[in-house]
Amino acid sequence: EAGVAQSPRYKIIEKRQSVAFWCNPISGHATLYWYQQILGQGPKLLIQFQNNGVVDDSQLPKDRFSAERLKGVDSTLKIQPAKLEDSAVYLCASSLDGQAWSNEQFFGPGTRLTVL
Amino acid sequence: GNSVTQMEGPVTLSEEAFLTINCTYTATGYPSLFWYVQYPGEGLQLLLKATKADDKGSNKGFEATYRKETTSFHLEKGSVQVSDSAVYFCALSGGGGSYIPTFGRGTSLIVHP
């Protein structure tokens, strides 16, 4: 079974530029998560999708971050414009059904973003 | 809101030593509790979980018991190996009607031969 795929793995940009990350979850997984993990901290949920609907985006800085999940499969996360404090690893995860609290999440390798 | 507190690392042990990594949580209701592990150069993966009070999750020699009375989910292993060197994250999901998964900041474990 293929795991969660993310690209790119690394990205370096200057502040005020824009950047986009892509995620392909495990086939058949209804729930997709985007997390931000700053060095030395645990993952912080940015947005959670159930199929192609948003379950929670309360921690997404909506003035600069946006995300979509087309057709309930792949997802993209965009930052525009980027700030220095956005430097972090962006993790994508998926689960069979996030509405079931006990469901395991499967994580991708992450995208390490450096904003200069 | 929900929160997870883990002991700060790094935790440095010799091979075959006993391991405890403390985790306490704040949540209403009965969340599910998880330990995820991140080996060097790899993504996070589930180590074990428990979904109700007094449940014990176990995997690869690691154990953790869901203690509702102390709101804790401490990770233990009787004899660590060098290959257990990794970062361990305690997490919860659910409880009080919130689906938002919440992670601790992670505890780095270094095991010396």
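Residues numbered from 1 in each chain as written. Chains lettered and ligands numbered in written order. Predicted model: local features only at pLDDT ≥ 70, side-chain atom pairs only at ≥ 80, totals over all residues. Heavy atoms only, no water.

Residues and elements named next belong to chain A. A cis geometry characterises the amide bond from Ser-7 onward to Pro-8, with omega recorded as -10°. Following Gln-80, the chain continues to Pro-81 via a peptide bond in cis, the omega torsion being -5°. Assignment of secondary structure puts Pro-81 in the loop between strand 8 (75–79) and strand 9 (88–95). One non-glycine residue with positive phi stands out, namely Arg-16, at about 80°. Along the chain, Arg-16 turns up in the loop between strand 2 (10–13) and strand 3 (19–24). The backbone of Lys-71 sits at a positive phi, close to 55°, despite the residue not being glycine. Inspection of the secondary structure assignment puts Lys-71 in the loop between strand 7 (65–69) and strand 8. (Helix = DSSP H or I, 4+ residues; strand = E, 2+ residues; numbered from the N terminus.)

Per-residue confidence for chain A averages 93 on the pLDDT scale, and 96% of its residues sit at or above 70. When mean pLDDT is compared element by element in chain A, strand 8 of chain A scores highest at 98, while strand 6 (residues 53–56) of chain A scores lowest at 90. (pLDDT = per-residue confidence, 0-100.)

According to the stated counting rule, one finds 11 aromatic pairs over all chains in the structure shown. An angle of 85° between the planes, with centres 5.5 Å apart, marks the rings of Tyr35(A) and Phe103(B) as edge-to-face. Highlighted residues: Tyr35(A) in strand 4 (residues 31–37) and Phe103(B) in strand 11 (residues 102–103), drawn from two different chains. Relative accessible area serves as the criterion here: at 9%, Phe103(B) is assigned to the buried category. (Phe/Tyr/Trp six-rings, centres within 6.5 Å; stacked < 30°, edge-to-face > 60°. Buried < 20%, exposed > 50% of the residue type's maximum accessible area, 1.4 Å probe, protein only.)

For the rest of this paragraph, the subject is the interface of chain B and chain A. Chain B puts 23 residues into the contact, and the matching count from chain A is 23 residues. Around 1,700 Å² of area is buried between chain B and chain A when both sides are counted, 59% of it from carbon and sulfur atoms. Here chain B is connected to chain A by 0 salt bridges. At the surface where chain B touches chain A, the tally comes to 2 residue pairs in polar contact (both at pLDDT 80 or more). Among the secondary structure elements, those contributing two or more residues to the side of chain B that touches chain A are strand 5 (32–38), strand 6 (45–50) and strand 10 (86–93) of chain B. (Contact = heavy atoms within 4.5 Å. Buried area = accessible area lost by both parts, 1.4 Å probe. Salt bridge = Lys/Arg side-chain N within 4 Å of Asp/Glu carboxyl O. Polar contact = N/O pair within 3.5 Å; in protein donor to acceptor, adjacent residues only side chain to side chain.)

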